[in-house]
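The chain contents come next:
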Amino acid sequence: MSEVSVTKDAAPAADDLVVLDNVNKHFGALHVLQDIDLTISRGEVVVVIGPSGSGKSTLCRTINRLETVDSGSISIDGKPLPQEGKALAKLRADVGMVFQAFNLFAHKTVLENVMLGQTKVRRTDKQEAEKKARALLDRVGVGNQADKYPAQLSGGQQQRVAIARALAMDPKVMLFDEPTSALDPEMINEVLEVMKQLADEGMTMVVVTHEMGFARSAANRVVFMADGRIVEEATPDQFFNNPRSDRAKDFLAKILHH
Ligand SMILES: Nc1ncnc2c1ncn2[C@@H]1O[C@H](COP(=O)(O)OP(=O)(O)OP(=O)(O)O)[C@@H](O)[C@H]1O
Ligand SMILES: [Mg+2]
């Protein structure tokens, strides 16, 4: 595991991939993201945890510009997030996102779901897109489901297809927003294992999850949010064994007793 520095450098280092600098966002009167400074290095796995409503999903959604910010800046691989048009579509492809709900196209087969972004956004030719889609479906363990429709798959299988679909775009970073929280317990591990494997292969990942086992085993850094702020960030060991803030102590006491 790489050493993770939580101090901020003045100039962006070459391996800074995602940089949020003093980001603020409101939903009406609610200050949902407050002075967020967060730098994610290439290859780093950051697990974001915190109470419901603390802004974790909003944070994820700002990183691929599903939400705009009021002030501050976000850049990916040295470039500020584009506002619109083709550049924005390209950004969305560079930032893979897997949500709690599987979000597959219901009337397309599994194979077509994984091919679509490649042919439409990346302009990959069909044959090549199919080859890559099949390889990715194999990699996440659902190669034999390629010709089915999403509704014919289990939740865990669908979520692995969603991961394959995001990977098909060769993203620079993958965002996961509670990817296992809608799954039946017996399906959680098969998804976490795919994510763990991705992490081991060096994918840069931001993962919102309540799966503390995953956080302990896969994260380089845990970011704890409460009330729109990053309250604490630390290595998993430091965070779980020795949380510094009362908010984090309270939160851990609650989730670890469930
Ligand atoms: N589109 C929106 N319009 C208005 N308020 C919103 C919107 N999206 C989120 N919020 C509010 O912003 C706050 C943060 O929401 P967010 O979904 O980011 O929290 P979260 O940490 O992901 O919570 P959870 O653990 O429940 O998923 C909440 O109070 C939520 O009600
Ligand atoms: Mg959320």
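Residues numbered from 1 in each chain as written. Chains lettered and ligands numbered in written order. Predicted model: local features only at pLDDT ≥ 70, side-chain atom pairs only at ≥ 80, totals over all residues. Heavy atoms only, no water.

In the nomenclature of an unreviewed UniProt entry, the chain is known as Arginine ABC transporter ATP-binding protein of Streptomyces daqingensis. UniProt's Subcellular location (unreviewed entry) comment on the chain is quoted here verbatim: "Cell membrane". UniProt annotates the chain under Sequence similarities (unreviewed entry) with the comment "Belongs to the ABC transporter superfamily." (UniProt positions renumbered as here; feature names shortened; annotations may be inferred.)

Draft legend 1. Here's a closer look at the pairing of strand β4 (residues 71-76). As paired elements, strand β1 (residues 16-27) and β4 share five bridges and run antiparallel to each other. The partner of Asp21 across the bridge, within β4, is Ser73. Bridging between β4 and strand β5 (residues 79-80) involves two bridges; their strand directions are antiparallel. Bridging from a neighbouring strand, Ile76 pairs with Lys79 of β5. Hairpin remark: β4 followed by β5, antiparallel, with two residues in the connecting loop; positive phi at Asp77, about 55°. (Pairing = 2+ DSSP bridges. Helix = DSSP H or I, 4+ residues; strand = E, 2+ residues; numbered from the N terminus.)

Draft legend 2. Layout of empty space enclosed by the protein. Counted by the stated rule, this structure contains one cavity of 30 Å³ or more. Estimated volume of the largest cavity: approximately 40 Å³. Lining the largest cavity we find Arg139, Val140, Leu167, Val194, Gln197, Leu198 and Glu201. The element best represented in the lining of the largest cavity is helix α6 (residues 185-200), accounting for three residues. Among the residues making up the lining of the largest cavity, the classes are represented as four nonpolar, one polar and two charged. (1 Å grid on protein atoms, 1.4 Å probe; cavity = no way out; pocket = protein on both sides within 12 Å on 5 of 7 lines; lining within 4 Å. Points joined across faces, edges and corners; volume = space filled by probe spheres on them. Nonpolar A, V, L, I, M, F, W, Y, C, P; charged D, E, K, R; others polar.)

Draft legend 3. Looking closely at the environment of Asp70. Turning to its location among the elements, Asp70 is positioned in the loop between α1 (56-63) and β4. Distance from Asp70 to Val23, taken between C-alpha atoms, is 7.5 Å for residues 47 residues apart in sequence. One polar contact links the side chain of Asp70 to the main-chain amide nitrogen of His26, over a distance of 2.7 Å. (Polar contact = N/O pair within 3.5 Å; in protein donor to acceptor, adjacent residues only side chain to side chain.)

Draft legend 4. Expanded view of the sheet that holds β1. Taken together, the four strands give an open sheet; going across it, the order is β2-β1-β4-β5, and neighbouring strands pair in antiparallel fashion. This sheet does not close on itself; its edge strands, each paired only once, are β2 (30-41) and β5. Here α1 sits on the sheet and contacts β1, β2 and β4; the angle it forms with β1, its principal contact strand, is near 120°. (Contact = heavy atoms within 4.5 Å. Axes fitted to C-alpha atoms, helices over the stretch in contact; angles between N-to-C directions.)

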